[in-house]
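Descriptive structure summary
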Amino acid sequence: MRRIKILFFWIFFNKNNISFSELIRFLIKPKVSSIARKYIYQIIKNGDYEISFNNLDKKLYWPSKFSISRLNQVIAESFDIEDWHYYQKTHTEINVDEVVLDIGTAEGLLPLSVVDKCKYIYMIEPSTLFCNCLSRTFSDYKNKTTIFNVAVGNEDGIINFDENSLDGMISNENTSFSNEIPINKVDTLLNNQIITYLKADIEGFELEMLKGAEQTIKRNQPKIAITTYHTQNNPKEIIDLIKSFVPEYNYYVKGIYEKTPKPVLIHFWI
């Protein structure tokens, strides 16, 4: 049913410049669980999950509170170049000596896969559970990584974050599952630090994050790979806002989300 919906959207709503051959490759590709199996060498549960990979000589840690099956999608997005959620498409590859800002890092597989080539990586993740695992994953890279356990938006303050949600829910209500955490503008967190690459996947809060990253984007003009498929997102608003910051940006959209005709990702570069 999911793939039928995507075909329908391609026929009637496709504005993403997705070729028919690319669509067919996507529709007949294996399930993410099959793709993930190609890359996973071993999973050990010792408190949290410890994952070893066939194609990466590093270990990743995943919170035991969350189902390990959710890691399958993350692996496909990080390693399968045909996946529409793959960040390093043409013009937004992560190259040697990049300074990466990963917003919505979660488990950290993308930065882990490129940490050796990067000059520095800033990671922003509101979940304390994931941040604890990130500290273990990047314990050998403290000299070239910074982990911010905060949410990001267009203000500096305090918000409630639901630690019980794998999707990272921010709420105005204080519940038994929520913790108060800082929320900051990217401009505040980075404080004039240089970045060359910005990746963002923050469950529909991308537009507010961008408003709080205006000076960082104007000053650095980084490559940008940003998700736009969430319910709250309006891809046109995101494009218009980034172009208003730096009119010289080129961009293209990639993918079709099965629940809406929204693109999965938008890639920007100078």
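Reference entry: report on the structure contained in this document. What you are looking at is a predicted structure, and each value in this text was computed from that prediction instead of being measured.

A few points about the overall build of the protein chain
Counting its regular elements, the protein chain contains ten helices and 14 strands. Summed over its atoms, the accessible surface of the protein chain is roughly 12,900 Å², and 50% of this surface lies on carbon and sulfur atoms.

Side note on the packing of aromatic side chains
Summed over all chains, the structure comprises nine aromatic pairs. Taking the centre distance of 6.4 Å and the plane angle of 20 degrees together, the rings of tyrosine 122 and phenylalanine 148 count as stacked. Taken together, the residues span a long stretch of sequence, with tyrosine 122 in strand β5 (residues 120-124) and phenylalanine 148 in strand β6 (residues 145-148) at a distance of 26 residues. Here tyrosine 122 matches phenylalanine 148 in class, with each residue buried. Centroid distance tyrosine 252 to tryptophan 269: 5.7 Å. Interplanar angle 65 degrees. Geometry classified as edge-to-face. Remark: tryptophan 269 occurs in strand β14 (residues 265-269) and tyrosine 252 occurs in strand β13 (residues 250-254); sequence separation between them is 17 residues. The exposure class assigned to tyrosine 252 is buried, which follows from its relative accessible area of 19%. Connected via pairs of aromatic rings, a cluster forms that spans Tyr39, Phe53 and Phe79.

Some thoughts on the environment of valine 99
Along the chain, the position of valine 99 falls in strand β4 (residues 99-103). In this structure valine 99 comes out as buried when scored by relative accessible area, which is 10%. Measuring from C-alpha to C-alpha, the distance between valine 99 and cysteine 118 comes to 6.3 Å, with 19 residues separating the pair along the chain. Other than its neighbours up to four places away in sequence, valine 99 contacts Lys119, Tyr120, Tyr122, Ile194, Ile195, Thr196 and Tyr197.

What about the packing of helix α3 (residues 32-39) against helix α4 (residues 71-79)?
For the pair α3 and α4, interaxial distance at closest approach is 8 Å and the crossing angle is 70 degrees. Relative to α4, α3 is oriented roughly perpendicular. By crossing handedness, the relation of α3 to α4 is classed as left-handed. Contacts between α3 and α4 involve Val32, Ser33, Ile35, Ala36 and Tyr39 from the former and Asn72, Gln73, Ile75, Ala76 and Phe79 from the latter. Of the residues assigned to the contact of α3 with α4, the class counts are seven nonpolar, three polar and no charged.

What to know about the sheet that holds β6
What the seven strands build is an open sheet, ordered β6-β5-β4-β11-β12-β14-β13; its pairing is mixed. A single partner strand is all that each edge strand has here, and the edge strands are β6 and β13. Between one strand axis and the next, the sheet turns by 10 degrees as a mean value, whatever way the strands run. Both strand β12 (residues 223-227) and β14 contribute to a ladder of four bridges, which runs antiparallel.

Rules of the game
Residues numbered from 1 in each chain as written. Predicted model: local features only at pLDDT ≥ 70, side-chain atom pairs only at ≥ 80, totals over all residues. Heavy atoms only, no water. Helix = DSSP H or I, 4+ residues; strand = E, 2+ residues; numbered from the N terminus. Areas by Shrake-Rupley, 256 points an atom, 1.4 Å probe, with all protein chains shown as cover. Phe/Tyr/Trp six-rings, centres within 6.5 Å; stacked < 30°, edge-to-face > 60°. Buried < 20%, exposed > 50% of the residue type's maximum accessible area, 1.4 Å probe, protein only. Contact = heavy atoms within 4.5 Å. Axes fitted to C-alpha atoms, helices over the stretch in contact; angles between N-to-C directions. Parallel < 35°, antiparallel > 145°, perpendicular 65-115°, else oblique. Left-handed = near helix turned anticlockwise from the far one by under 90°. Nonpolar A, V, L, I, M, F, W, Y, C, P; charged D, E, K, R; others polar. Pairing = 2+ DSSP bridges.

Worth remembering: the numbers are spatial, not functional.
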